[in-house]
Amino acid sequence: MTGSSAESPFALRLPDGTVQRGPVVDLREGAVGTALSLHRLRRAIRDGRPTGPEAPAVSSPPPGATHAHVARLAFDTRIRTRAALAAVAFDRGVETPHDDDLLEAARSLRSHSPAPIDDGELRDARRKAAEAGAETDRLRERVATVRGRVTALREAAADDARRSPETDEGVADAETALSDATRRLSEAATERVAATQRLKLLEAQARNARDGRNTRISLEDRLENCRRKVRAARVDAVSDEFHAARRETVRRVHGLDEAASDALPTDVPEFVDALAVARIAPIRAPVVVAGDVVGAFGGADAAFEWLDAPLVIC
Amino acid sequence: MLLVVTYSRRARETLRNACRAHEETVVRRFGRAALLRETEYGAFLACRLRERHAADVQIERTEPFNEFADAPESVREAAAAYEDRESPSTPYDRFAAGTEYPDPAAMREREL
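Keep in mind it's a predicted model, so treat the numbers as computed, not measured.

1. Re the overall build of chain A
If you tally the helices and strands in chain A, you get 10 helices and 7 strands. Per-residue burial for chain A yields a buried fraction of 40% across its 314 residues. Counted over contacts in chain A with a minimum sequence separation of 6, partners at least 24 positions apart contribute 73%. Only carbon and sulfur atoms are counted for the fraction: they give 50% of the accessible area of chain A, which is about 17200 Å².

Now the structure itself:
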């Protein structure tokens, strides 16, 4: 409740060219407001520039971190309260004892680039080693088969006293096939050794490179830890104020006394959370508020005063 | 078994989800590593992790260590004798010095 919103009015240029100025723009009356897509309006607020020829344009101070959490306030608004409270503290510039650690952790991670591993090359080497192995096994079997045949033919020739030229030729052919198969086996075996060695080398390199990745994942975990601590500290910093704002808002909206506040319907708490967040956050870009919410506050001026944020009512 | 070790937060998350969804294939889970059963389904999970996270996943095929087949007798005996030593604070270097037990530096150099 810094009164900041009054110092930061905004201008909303509608698709028909008309310009309306905040801190409160009420679009409930008139065809323009009803034709305006909520989605486009919110995008215009977020981006701060026209997002298309037919789109509205908003000129306002940039939305802070909290704005996204309370960009639209309606009875069905849902909010991640802790994240929103951390954003409130951030927008307020709340410092935590873990800020330096967080910066340092982020810096360490940025400056750490693990050695690349050429996964395609490694995969290729794995495939080649597997294929060379299979080929060697196949040829080894082939050599054994052919050798068996050569032996059988030689024995048959030795038994045959009256050796015919055909028999000699058969032995010679088989011997040629054997030497051929043996040569191919020896080539395949050489290839297998080469493929295996290459794979071993690449795997060893990958193992070394993974040391760097090991460090990186530790750094990432450390960063996440720091973020969690910072978030918790930020939430703590605004928690009391948030709960007070929440109680006040419940009283204000429902006209209930404090003791009766837990009689609210179960789907209401998140909506009340959103209102309380909007109330305590320094919000400079307009928040889109549903007409019935404004009604619950008793009118546009009252809602503006309570939420202390520029508003577009529609 | 298939040992799967992950090296990035995203790969770790995928492994965690896979382990949760396929308990029957997971033998053991460690922080960012897991031992998968050596079935085609274990291989299927391992291949999927490799497809998605490439070099951020390391996959090794493990087998039980049989000290009687895989390690020399001198090593087995040295281990047994050292674990049976009288003074618990004696480091192995000193324990082995001047005995027939293998020298630790030499053991480090010799592959199994």
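Picking up after the structure, the text goes on.
2. Examining empty space enclosed by the protein
Residue and element names in this part refer to chain B. Applying the stated criterion across every chain, the model contains 1 cavity of 30 Å³ or more. Computed from the structure, the largest cavity encloses a volume of approximately 40 Å³. In this structure, the largest cavity is lined by Arg-12, Leu-15, Arg-16, Arg-29, Phe-30, Gly-31, Arg-32, Ala-33 and Ala-34. If you list the elements that add at least two residues to the lining of the largest cavity, you get helix H1 (9–21), strand E2 (26–30) and strand E3 (33–36). Looking at the lining of the largest cavity element by element, the count peaks at 3 residues for H1. Class assignment of the residues belonging to the lining of the largest cavity gives a composition of 4 nonpolar, 1 polar and 4 charged.

3. Some remarks on the sheet that holds strand E1 (residues 11–13) of chain A
Residues and elements named next belong to chain A. Across the sheet, which stays open at both edges, the 3 strands sit in the order E2-E1-E4 with antiparallel pairing between neighbours. Here the strands that pair on one side only, and so sit at the sheet edges, are strand E2 (19–21) and strand E4 (57–59). Taking each pair of neighbouring strands and ignoring which way they run, the sheet shows an average axis angle of 20°. Judged from the 3 bridges that link them, E1 and E2 form a sheet pairing that is antiparallel. Opposite Arg-13, over in E2, you have Val-19 as the bridge partner.

4. Quick look at unusual backbone geometry
The phi dihedral of Asp-308 of chain A is positive, around 50°, even though this residue is not glycine. Among the secondary structure elements, Asp-308 of chain A is positioned in the loop between helix H10 (300–307) and strand E7 (311–313). Non-glycine residue Ala-54 of chain B carries a positive phi angle of around 45°. Summarising the element assignment, Ala-54 of chain B is placed in the loop between helix H2 (40–53) and strand E4 (57–61).

5. Here we look at the nonpolar core
Residue and element names in this part refer to chain A. Counting residues in each nonpolar core, the largest one holds 37 residues, and the members touching the most others are Val-70, Leu-73, Leu-275, Val-277, Phe-297, Leu-307 and Leu-311. Going through the elements one at a time, helix H4 (81–91), helix H7 (165–254), helix H8 (269–280), strand E6 (287–289), helix H9 (291–297), H10 and E7 are the ones with two or more residues in this core. The dominant element in this core, judged by the number of residues it contributes, is H8, at 7 residues. Setting aside residues up to four positions removed in sequence, Leu-73 forms contacts with Ala-274, Leu-275, Ala-278, Val-287, Val-288, Val-289, Ala-290, Val-293 and Leu-307.

6. Thoughts on the interface of chain A and chain B
With 13 residues of chain A in contact, the opposing surface of chain B contributes 13 residues. Around 1300 Å² of area is buried between chain A and chain B when both sides are counted, 43% of it from carbon and sulfur atoms. The interface formed by chain A and chain B contains 5 salt bridges. Linking Asp-221 of chain A and Arg-12 of chain B is a salt bridge whose minimum nitrogen-to-oxygen distance equals 2.8 Å. If you look at where chain A meets chain B, you find 9 residue pairs in polar contact (both at pLDDT 80 or more). Sorting the residues of the side of chain A that touches chain B by element identifies helix H6 (119–159) and H7 of chain A as the ones contributing at least two each. Residue contributions to the side of chain A that touches chain B peak at 9 residues, all from H7 of chain A. Class assignment for the residues of the side of chain A that touches chain B results in 2 nonpolar, 1 polar and 10 charged.

7. Overview of the packing of aromatic side chains
A ring pair, where both rings are aromatic, is described by two values, the distance of the centres and the angle of the planes. Per the counting criterion, the structure on display carries 7 aromatic pairs over all chains. When the centroid spacing of 5.0 Å and the interplanar angle of 80° are considered together, the rings of Phe-75 of chain A and Phe-271 of chain A count as edge-to-face. Placement of Phe-75 of chain A in the loop between strand E5 (72–73) and H4 and of Phe-271 of chain A in helix H8 is noted, with a sequence separation of 196 residues between them. Its relative accessible area of 41% is what places Phe-75 of chain A among the partly exposed residues. Ring centres of Tyr-41 of chain B and Phe-44 of chain B lie 5.3 Å apart, and the angle between their planes is 45°; this geometry places the pair in the tilted category. Here the residue Tyr-41 of chain B and the residue Phe-44 of chain B both occupy positions in helix H2, the gap between them amounting to 3 residues, near one helical turn.

8. Structural notes on the confidence of the model for chain A
Per-residue pLDDT for chain A averages 85, and the proportion of residues at 70 or more is 89%. Considering only residues more than four positions removed or in separate chains, one finds that residues 1–6 of chain A, a stretch of pLDDT under 50, has 13 contacts.

9. What about the layout of surface pockets?
Of the volumes computed, that of the largest pocket is approximately 390 Å³. Lining of the largest pocket is provided by 13 residues; of these, Arg-126 of chain A together with Leu-2, Cys-47, Arg-50 and Ile-59 of chain B occupy positions nearest its centre. For the lining of the largest pocket, the elements supplying multiple residues, two or more each, are H6 of chain A together with H2 and E4 of chain B. Per element, the largest residue contribution to the lining of the largest pocket is 5 residues, and it comes from H2 of chain B. Of the residues contributing to the lining of the largest pocket, the split by class is 5 nonpolar, 1 polar and 7 charged. Within this model, the second largest pocket holds a volume of roughly 180 Å³. The residue inventory of the lining of the second largest pocket, partitioned by class, reads 5 nonpolar, 3 polar and 3 charged.

What counts, and at which threshold
By convention here, each chain's residues receive numbers from 1 onward along its written sequence. Whichever chain is written first becomes A and whichever ligand is written first becomes 1, with later ones labelled in order. Local features are withheld for residues below a pLDDT of 70 in this predicted model, meaning they are given only at 70 or higher, and side-chain atom pairs are given and counted only at 80 or more; totals for whole chains, interfaces and linings count all residues. The side-chain values count all of the structure's non-hydrogen atoms but skip hydrogen atoms and water molecules. Numbered from the N terminus, helices here are DSSP runs of H or I no shorter than four residues, and strands are runs of E no shorter than two. Accessible area is worked out with a 1.4 Å probe on protein chains only. A residue is then buried under 20% of its type maximum, exposed over 50%, and partly exposed in between. Contacts were defined at the residue level, with two residues in contact if any of their heavy atoms lie within 4.5 Å. Calculation of accessible area relied on Shrake-Rupley with a 1.4 Å probe; when residues are assessed, cover is drawn exclusively from the protein chains displayed. A cavity here means a set of points on a 1 Å grid, drawn over the protein atoms and nothing else, where a 1.4 Å probe fits but cannot get out; a pocket is an open set with protein on both sides within 12 Å along at least five of seven lines, and a residue lines either one if it has an atom within 4 Å of a point. Grid points are joined across faces, edges and corners, and a volume is the space filled by probe spheres set on the points. Three residue categories are used. Nonpolar comprises Ala, Val, Leu, Ile, Met, Phe, Trp, Tyr, Cys and Pro, charged comprises Asp, Glu, Lys and Arg, and polar comprises the others, including Gly. A pair of strands is considered paired only if DSSP assigns at least 2 bridges between the two. The axes used here are C-alpha line fits, helices contributing only the stretch in contact, and every angle between their N-to-C directions lies in the interval 0 to 180 degrees. Among buried residues, the Ala, Val, Leu, Ile, Met, Phe, Trp, Tyr and Cys ones that are joined through side-chain atoms within 4.5 Å form a nonpolar core. Accessible area that two parts lose when put together, evaluated with a 1.4 Å probe and summed over both, is termed the buried area. Salt bridges are identified by distance alone: a Lys or Arg side-chain nitrogen within 4 Å of an Asp or Glu carboxyl oxygen. Each polar contact in these results corresponds to two N or O atoms within 3.5 Å; when the atoms are within protein, one needs to be able to donate a hydrogen and the other to accept it, and residues that are neighboring in sequence are counted only if both atoms are side-chain atoms. Paired rings are identified among Phe, Tyr and Trp, the last through its six-membered ring, by centres lying within 6.5 Å, and are further divided according to the angle between planes into stacked (under 30 degrees), edge-to-face (over 60) and tilted (the rest). In predicted models, pLDDT denotes the confidence assigned by the predictor to each residue on a 0 to 100 scale.

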